[in-house]
Amino acid sequence: TVNEQRENIMTTTHSIKAAIEASVHHYVDMANEKLDAGLDYPEITYKVKGGVGGRAYGYRRVDFNMGLIVDNMSEYLNHVVPHEVAHLVVEKKYGTEYTFTRSGKPRRVSHGTKFKMVMRTFGIFRSRYASHNMDVSKVKKTRKTSKFACKCTGCGWEGTIGAIRAKKMISGVATYSHKCGHGRKAPIEIVK
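Fair warning: this is a prediction, and the values are worked out from it, not measured in the lab.

*Asks:* For the environment of Ile-16, give the residues involved together with the corresponding values.
*Replies:* Looking at the element boundaries, Ile-16 is found in helix α1 (residues 2-35). The buried category is assigned to Ile-16, whose relative accessible area is 10%. Between the C-alpha atoms of Ile-16 and Val-70, which are 54 residues apart in sequence, the distance is 7.7 Å. With residues near it in sequence (within four places) discarded, Ile-16 still touches Met-66, Ile-69, Val-70 and Met-73.

*Asks:* Which residues make up the pairing of strand β2 (residues 54-57), and what are the values?
*Replies:* Note that β2 and strand β3 (residues 61-64) share 4 bridges and pair antiparallel. Residue pairing across strands places Gly-54 opposite Phe-64, the latter belonging to β3. What sits between β2 and β3 in their antiparallel hairpin is a turn of 3 residues, with Gly-58 showing a positive phi close to 60 degrees.

Calculation criteria
Residues numbered from 1 in each chain as written. Predicted model: local features only at pLDDT ≥ 70, side-chain atom pairs only at ≥ 80, totals over all residues. Heavy atoms only, no water. Helix = DSSP H or I, 4+ residues; strand = E, 2+ residues; numbered from the N terminus. Buried < 20%, exposed > 50% of the residue type's maximum accessible area, 1.4 Å probe, protein only. Contact = heavy atoms within 4.5 Å. Pairing = 2+ DSSP bridges.

In short, shape yes, function no, at least from these values alone.
So, in structure tokens, the structure goes:
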């Protein structure tokens, strides 16, 4: 029945959250023991959407993607949770790490030397820390764009343009051209 399905989902969601919380606490305890991080247990939320696995906010909160956790529990427990906890540890113990661009502007380094050192302390050695290999097709939103038929006034070529360009053409803000044969450009118009 519907009530039994809801109860199963609630139980599953509760057990998933309990496993994630236990994993977060494990890595926070490890950081406090091995690195003397002085980190309290963070607030844990599940509001991240799309293809992002998780986010760390300062050293007080971590946010995870429940849509990805359901299908990728072991990846979460072994890589995503320690990754986000490592961000908390770095922020609490070392502060924000910066590097400087050629022009002299500071740029925040999310996965710098301190972050990698914390990950090694957790026993995780990866060549790439900033991405994951989870299938995001169930949670990733695809952009739906409207296409408008258009035609070249010079050679008669027919094609499509996106909604933003079409709106600019209709309102007279912009004009666009098609490169016809022999390098000439001719304006395009929307086909009605």
